[in-house]
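# Understanding the architecture of this molecule
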Amino acid sequence: MTRNVDDIVARFAPPAVSTVSEGARELMHEIMADPTAPEPVKSRRRLNLRMAIPAGALLAAGAVAATTWLLPVSPAAALDIKEDNGYYVIEVKDLYANPKVYEKQLRDAGLKITLRVIPATAAYEGQVFPTSPDMKYLEEIKGIYPPGPCERVDGCAIGVKIPKNFSGVADVAVSRKARTGEKYQSTTTFDAKGEPMHCVPYLNKTVTEVTALLKERGVRVNKYADLTPIGAGDMRSVPGNWYVDGGMLTEPGVAFLSVSEMPFPEEEIARLNQKSVKGYGCPIS
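Keep in mind that what you see is a predicted model, and the values were worked out from it rather than measured. (Residues numbered from 1 in each chain as written. Predicted model: local features only at pLDDT ≥ 70, side-chain atom pairs only at ≥ 80, totals over all residues. Heavy atoms only, no water.)

A tally of helices and strands in the protein yields 6 helices and 10 strands. The proportion of buried residues among the 285 residues of the protein is 52%. Accessible area of the protein: about 13500 Å², with a carbon and sulfur share of 54%. (Helix = DSSP H or I, 4+ residues; strand = E, 2+ residues; numbered from the N terminus. Buried < 20%, exposed > 50% of the residue type's maximum accessible area, 1.4 Å probe, protein only. Areas by Shrake-Rupley, 256 points an atom, 1.4 Å probe, with all protein chains shown as cover.)

Structure follows, in structure tokens:
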């Protein structure tokens, strides 16, 4: 029976800058803005970025204390909210606070913002992606990025700024590093920028070869899925000579692999490599 990749991934990832290439940013925003399903492929379905992008925004609070645009706050405050040049500038001080604490501080500041703190994979720690109730990307709410390199999909945000005249409603999910055994609520393909297989050739390598590559990077595989039209769905084990065509981390150190009994055609690999170079800066084979 045909299994849709979104159905499989939903089981693992429930809903919930500086030097980042324009190609990566444009690709991510293009995918988020397009709610349509992936185009059908006759021979193979494959994990793609569409299903992996989180529903809300991600904002990491790391390395913010040294910046100069933040105002001092009391040790008990969960958020630092500052007015600066026509914007509210927000830093998350306590990533483990009760959501009601965030809500109260935001309402006291007159902001109709929902703030959620969720565990995210490494590629999405530091991403800002604010959405409206109808899931549209809100261009007017922006991330604040420090100088220097960043090895993440959409930059390493240290804050978010919201226009003081913003009158809409926004959802901002705040990422934090997941603890051991904690399921990611926001994840992406394992070859994305910041993920363990970034720039590591793996297409048309066998399950045995790819699991060895992952083990070298401290990752084990606990589940597989055959996404071909006649695939078997979720599996705990597969033959070692099957081929890997994708994967993602479901929690720290644990991965799920998309596999097939047949290798990819060379022309399909060329197309996927072109897409990967545009989005991630390197081929995947």
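Past the structure itself, the notes keep going.
Across all of its chains, the model carries 1 aromatic pair by this definition. Judged by centre distance (4.9 Å) and plane angle (80°), the rings of Phe190 and Tyr202 are edge-to-face. You can see Phe190 sitting in the loop between strand E6 (170-177) and helix H5 (207-216) and its partner Tyr202 sitting in the loop between E6 and H5, a full 12 residues away along the chain. The ring of Tyr87 has Lys161 lying over it, and the distance from NZ or CZ to the ring centre is 4.7 Å. (Phe/Tyr/Trp six-rings, centres within 6.5 Å; stacked < 30°, edge-to-face > 60°. Lys NZ or Arg CZ within 6 Å of the ring centre and 35° of its normal.)

What follows concerns the pattern of salt bridges. Going through the model one piece at a time under the given rule, you end up with 9 salt bridges. In this structure, Lys93 and Glu91 form a salt bridge, with 3.5 Å as the shortest nitrogen-oxygen distance. Overall, the relative accessible area of 40% leaves Lys93 in the partly exposed class. With a shortest N-O distance of 2.8 Å, Arg271 and Glu268 are connected by a salt bridge. (Salt bridge = Lys/Arg side-chain N within 4 Å of Asp/Glu carboxyl O.)

Further remarks concern helix H6 (residues 266-280). Helix length check: H6, at 15 residues, gives a terminal C-alpha distance of 20 Å against a target of 21 Å (1.5 Å per residue), a fit within 8%. Where H6 is concerned, the buried positions are Glu268, Ile269, Leu272, Asn273, Ser276, Gly279 and Tyr280. One face of H6 carries all of its buried residues, which in axial projection span an arc of 135°. Looking at H6, the residues exposed on the side facing more than 90 degrees away from the buried face are Glu267 and Gln274. In the segment just after H6, Gly281 is the residue with positive phi, at about 90°. (Expected span 1.5 Å × (residues − 1). Arc of directions from axis to C-beta.)

Now for empty space enclosed by the protein. Of the pockets and cavities examined, the largest cavity occupies roughly 40 Å³. Looking at the largest cavity, the residues that line it are Ile90, Leu106, Ile113, Leu115, Val160, Ile162 and Val172. Contributions of two or more residues to the lining of the largest cavity are made by strand E3 (113-120) and strand E5 (159-163). A class-by-class count of the residues in the lining of the largest cavity yields 7 nonpolar, no polar and no charged. (1 Å grid on protein atoms, 1.4 Å probe; cavity = no way out; pocket = protein on both sides within 12 Å on 5 of 7 lines; lining within 4 Å. Points joined across faces, edges and corners; volume = space filled by probe spheres on them. Nonpolar A, V, L, I, M, F, W, Y, C, P; charged D, E, K, R; others polar.)

For the rest of this paragraph, the subject is the sheet that holds strand E8 (residues 233-235). Strand order across the open sheet formed by 4 strands is E8-E7-E10-E9, with mixed pairing between neighbours. The outermost strands of the open sheet, each flanked by one partner alone, are E8 and strand E9 (243-251). The average angle at which neighbouring strand axes cross in this sheet is 30°, direction not considered. Here H5 sits on the sheet in contact with strand E7 (220-226), E9 and strand E10 (254-260), set at roughly 160° to E10. (Pairing = 2+ DSSP bridges. Axes fitted to C-alpha atoms, helices over the stretch in contact; angles between N-to-C directions. Contact = heavy atoms within 4.5 Å.)

A word on the pairing of E7. In terms of residue burial, E7 counts as a mostly covered element, since 5 of its 7 residues are buried. Bridge analysis of E7 against E10 gives 6 bridges, and the strand direction is parallel. Each bridged residue has a counterpart across the sheet, and for Ala225 the counterpart in E10 is Ser258. Direction of pairing for E7 relative to E8: antiparallel, over a ladder of 3 bridges. When the sheet's bridge partners are listed, Asp226 is paired in E8 with Gly233.

To continue, consider helix H4 (residues 99-108). Of the residues flanking the start of H4, the one acting as N-cap is Asn98, its side-chain oxygen 2.8 Å from the backbone nitrogen of Lys100. Gly110, located one to two residues past H4, shows a positive phi value of around 80°. (Polar contact = N/O pair within 3.5 Å; in protein donor to acceptor, adjacent residues only side chain to side chain.)

Core analysis: the biggest nonpolar cluster contains 25 residues, and Phe190 and Val259 have the highest contact counts within it. Elements represented by at least two residues in this core include exactly H5, E9, E10 and H6. Considering every element that reaches this core, the biggest residue donor is H5, with 4 residues. Ranked by size, the runner-up nonpolar core spans 21 residues in total, among them Ala78, Leu79, Leu111 and Ile113. (Core = buried A, V, L, I, M, F, W, Y, C linked by side-chain atoms within 4.5 Å.)

Residue-level pLDDT values for the protein average 74, and 71% of them are 70 or greater. For the protein, helix H1 (residues 5-12) is the element with the lowest average pLDDT, namely 37, and H5 is the one with the highest, namely 98. Across residues 1-43 the pLDDT falls below 50, and counting only partners more than four positions away or on other chains, this stretch makes 92 contacts in the model. Here residues 49-75 scores under 50 on pLDDT; set against residues more than four positions off or in separate chains, the count is 92 contacts. (pLDDT = per-residue confidence, 0-100.)

A separate point is the sheet that holds E5. Strand pairing in a sheet takes place through backbone hydrogen bonds and is either antiparallel or parallel in direction. Spatial ordering of the open sheet is given by E1-E2-E5-E4, a layout of 4 strands whose pairing is antiparallel. Two strands in the sheet have a free side with no partner beyond their single neighbour: strand E1 (79-84) and strand E4 (142-144). For this sheet, the mean inter-axis angle between neighbouring strands, taken without regard to orientation, is 30°. For E1 and strand E2 (residues 87-92), the ladder comprises 6 bridges, and the chain directions are antiparallel. Note on E2: the bridge partner recorded for Asp80 is Glu91. The strands touched by H4 are E1 and E2; relative to E1, the strand with the most contacts, the crossing angle is about 20°.

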